[in-house]
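# Chain and residue survey
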Amino acid sequence: MPPKSSSGRGGRGRGRGRGGKASQQPRATASANGAEMDDIEILANKLWLGDKGVNWSDESVVDIMRTHIVGKQYARSSLQTLERLQYFELYLWANYISTDDTLVSDTHIMSILLMANEKYQQGVISSMWTAMEGLAFGRLFDRVVRMTTSILSTQMAVGLVDVLSARSVVAQFLIACFGSLETECVRTACMPLASLALWEHIDDTRVLVEAEFERMPQLRKFAKHLKKKRSANGDLLPALLRDFIAMLFAGDNSLGRLAYCTKFVELLVDLESQLATRRYVNLLLVDYQVLDLCQVSEWYRMGNDAEPVGRLAKRFRDMVGMLRGRVYFQVNDVSGLAMTEAEAKDRHYQRVAELQITAFKEFPRELEALALASVASLGDSAVLTEHLEALDDMGLRKLAALVGIRTRSLLPLTASGIVQEDGLYGREFVLGAFVERYRVRPTVADQVREISPYPSESLLFSKIITETDQFSKQQSSEIISYPVLAVPKLNLQFLTLHDYLAR
């Protein structure tokens, strides 16, 4: 059956889309109790709720975007009204599926994404997936990928939507999609973004990739087979990551820019929180040093008193902390099997032992103390840094390359102070990357043991929960920002039993 209005006031009416084919669909009424209709309701009755059926025109979509969405500074009240009046079901989507993709404007696509995000915010996204079931969603998703690629390459607005707001809209839409992988059409369209093709973007030394191939030899055969039927969609996430890194060091304290970066970290947390997507994404994040770069960004080091940016910067730090826990979670990324406490510690010991062997082989004099030190002591950041200080800059970069730590920046971030004129990371950043890679972390089981089975007063009245939407009220009125809550999500999928208990 066709989707019903979220307001529950649907009726039956005849609609005629752009293809000229009549259809029976539920229809929402515009106003109640004889109250005066606002402009949106008047327009809805004229275009898709009237007795004469659907009166389609692309100019009307542009006018609604200009007057009632962008013109109202992306006000939730306007989007909620459009959702109640079934703007997506009866007008946008009904005419999208009956039109050739080359004739659909970017404003039409952006309107669909805005309404999809509003449904996600209201918790009624499942009804939209039902309406999109089949090949139509794959066609839409491919168009979104192409549009996003164009945004990143041209840095131009999408119709009436500025480039920063367009980024936020796409990021929120991807979060909604990857949170609904149990829906077949969504899973089919989204999984190429998180496929093995991502590893083609890893550092040229490919130390990390070769190590994974040695652990799981069947992946090498799979990678060769994948090259023959590679999808261009697999390039989107690396492009988004490079754009995110550029935004981190853009050199201004724009609230809208920080809101987007916080939302993008939420997307990365969601990708890392599901076995289906983290399998190949995790190694890419480690190679791109996303955590290291976030930690040296100005927003991460900003104090909470720098209002209104400080409040959102605190949330950014919380989200980065969540991402760190996801990246180094004790689970086999490829097989999906949970690691026991002993296996998790063994993996850490093996990683440190490989560092010691490499150090002794390449720098027997300078790093003799490191090679003979205990594994437990090298887990301490101060001790490891002290050992590595024995190397000069060239030796430190050589050791980093041998163990799979990237030493050349993905982008020319010379203004940030962490990248030199030759494009190489500075000494301090490389040392920090070593510390981040080899530090000792508590196991998930230890973290679960520390959680009280009963909520405390500090948890119930935590600012993280009570101030969820505060930054949305303080944002720039010209840029759309979606709320971010730095707490784990209880989705249908989780990594391990300990992960489920921790959430």
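Use the structure listed above.
Presented here is an overview of the structure given in this document. (Residues numbered from 1 in each chain as written. Predicted model: local features only at pLDDT ≥ 70, side-chain atom pairs only at ≥ 80, totals over all residues. Heavy atoms only, no water.)

### Some details on the environment of Asp 422
Operational definition: Put simply, DSSP H or I for four residues or longer makes a helix, DSSP E for two residues or longer makes a strand, and each gets a number counted from the N terminus. Buried, partly exposed and exposed residues are distinguished by accessible area as a fraction of the type maximum, computed with a 1.4 Å probe on protein chains only: under 20%, between the cut-offs, and over 50%, respectively. Polar contact criterion, stated in full: a pair of N or O atoms within 3.5 Å, where within protein one must be able to donate a hydrogen and the other to accept it, and residues adjacent in sequence count only if both atoms are side-chain atoms.
When you line up the elements, Asp 422 lands in the loop between helix H22 (393-402) and helix H23 (427-438). Residue Asp 422 is classed as partly exposed on the basis of its relative accessible area of 42%. Measuring from C-alpha to C-alpha, the distance between Asp 422 and Pro 412 comes to 9.0 Å, with 10 residues separating the pair along the chain. Of note is the side chain of Asp 422, whose polar atom sits 3.2 Å from the backbone nitrogen of Leu 424.

### As for the packing of helix H4 (residues 87-96) against helix H5 (residues 106-122)
Counted only if it meets this: Think of each axis as a best-fit line through the C-alpha atoms, taken over the contacting stretch in the case of a helix, with angles from 0 to 180 degrees between the N-to-C directions. Crossing handedness follows the turn of the near helix against the far one: under a right angle anticlockwise gives a left-handed crossing, and clockwise gives a right-handed one. The contact criterion used throughout is that any non-hydrogen atoms of two residues lie within 4.5 Å. All residues other than Ala, Val, Leu, Ile, Met, Phe, Trp, Tyr, Cys, Pro, Asp, Glu, Lys and Arg, Gly among them, are scored as polar; the first ten of these are nonpolar and the last four charged.
Direction vectors running N to C along H4 and H5 enclose 145°, while the axes themselves pass 11 Å from each other. At the point where H4 passes H5, the crossing takes the left-handed sense. Contacts between H4 and H5 involve Tyr 87, Phe 88, Glu 89, Leu 92, Trp 93, Asn 95 and Tyr 96 on the former and, on the latter, His 108, Ile 109, Ser 111, Ile 112, Met 115 and Lys 119. Of the residues contributing to the contact of H4 with H5, the split by class is eight nonpolar, three polar and two charged.

### Regarding the side chain of Ser 195
Within the secondary structure layout, Ser 195 lies in the loop between helix H9 (184-190) and helix H10 (207-215). When neighbours within four sequence positions are excluded, Ser 195 is seen to be in contact with Leu 226 and Tyr 280.

### Overview of the pattern of salt bridges
Short version of the rule: Think of a salt bridge as a Lys or Arg side-chain nitrogen and an Asp or Glu carboxyl oxygen that are within 4 Å of each other.
Following the criterion strictly, the structure yields 23 salt bridges and no others. Note that Lys 119 and Glu 83 form a salt bridge whose closest N and O atoms lie 3.0 Å from each other. Taken as a pair, Lys 119 in helix H5 and Glu 83 in helix H3 (residues 76-84) lie far apart in primary sequence, 36 residues in all. Here Glu 83 falls in the buried class, since its relative accessible area comes to 2%. With its nearest N and O atoms 2.9 Å apart, the salt bridge here joins Arg 427 to Asp 393. One end of the pair, Arg 427, is in helix H23; the other, Asp 393, is in helix H22, and 34 residues separate them in sequence. Classification of Arg 427 by relative accessible area gives partly exposed; the value is 21%.

### Some words on the state of the cysteines
Applied cut-off: We call a pair of cysteine sulfur atoms a disulfide whenever their separation is within 2.5 Å.
On inspection of all chains with the given rule, the structure shows zero disulfides. The cysteine Cys 294 is free of any disulfide, with Cys 261 supplying the nearest cysteine sulfur at 8.0 Å.

### With respect to the packing of helix H8 (residues 163-178) against helix H13 (residues 255-272)
The following threshold applies: Roughly parallel refers to an angle under 35 degrees, roughly antiparallel to one over 145, roughly perpendicular to one between 65 and 115, and oblique to any angle outside these ranges.
Between H8 and H13, whose axes approach to 9 Å, the crossing angle comes to 20°. In terms of orientation, H8 lies roughly parallel with respect to H13. Between H8 and H13 the crossing geometry is left-handed. Packed against H8, whose contacting residues are Leu 164, Arg 167, Ser 168, Ala 171, Gln 172, Leu 174, Ile 175 and Phe 178, the element H13 presents Gly 256, Arg 257, Tyr 260, Lys 263, Glu 266, Leu 267, Asp 270 and Leu 271 at the interface. Considered class by class, the residues forming the contact of H8 with H13 number eight nonpolar, three polar and five charged.

### Observations concerning unusual backbone geometry
Negative phi is the rule for most residues except glycine; trans is the rule for most peptide bonds. In this model, Tyr 74 sits at a positive phi of 55°, which is unusual for a non-glycine residue. With respect to the helices, strands and loops of the structure, Tyr 74 is situated in the loop between helix H2 (58-70) and H3. A positive phi is found at Gln 289, a non-glycine position, where the angle reads about 55°. Looking at where Gln 289 falls in the secondary structure, it is placed in the loop between helix H14 (275-288) and helix H15 (290-295).

### A look at the side chain of Glu 212
Mapped onto the elements, Glu 212 comes out in helix H10. For Glu 212, a relative accessible area of 15% corresponds to the buried category. Discounting chain neighbours no more than four positions away, the residues touching Glu 212 are Trp 199, Leu 283 and Val 334.

### A few points about helix H12 (residues 236-248)
Short version of the rule: The length a helix should cover is 1.5 Å for every residue beyond the first.
Helix length check: H12 (13 residues) gives 18 Å between terminal C-alpha atoms against 18 Å at 1.5 Å per residue, within 8%. In terms of residue burial, H12 counts as a mostly covered element, since 10 of its 13 residues are buried. Within the span of H12, buried status applies to Leu 236, Leu 237, Pro 238, Leu 240, Leu 241, Asp 243, Phe 244, Ile 245, Met 247 and Leu 248.

### Describing the packing of aromatic side chains
Our working rule: Only the six-membered ring of Trp is used, alongside the rings of Phe and Tyr, when aromatic pairs are assigned; centres must lie within 6.5 Å, and planes under 30 degrees apart are stacked while those over 60 apart are edge-to-face, with the rest tilted.
If you walk through the whole model with that rule in mind, you get 16 aromatic pairs. Ring centres of Trp 56 and Tyr 91 lie 4.8 Å apart, and the angle between their planes is 45°; on these two criteria the pair is classed as tilted. Of this pair, Trp 56 sits in the loop between helix H1 (39-47) and H2 while Tyr 91 sits in helix H4; the two residues are 35 residues apart in sequence, bridging distant segments of the chain. Each of the two residues, Trp 56 as well as Tyr 91, counts as buried. Summarising the aromatic geometry, the rings of Trp 93 and Tyr 96 are spaced 5.2 Å apart at their centres and angled 25° between planes, so their arrangement reads as stacked. Of this pair, Trp 93 and Tyr 96 both sit in helix H4, three residues apart, which is roughly one turn of the helix.

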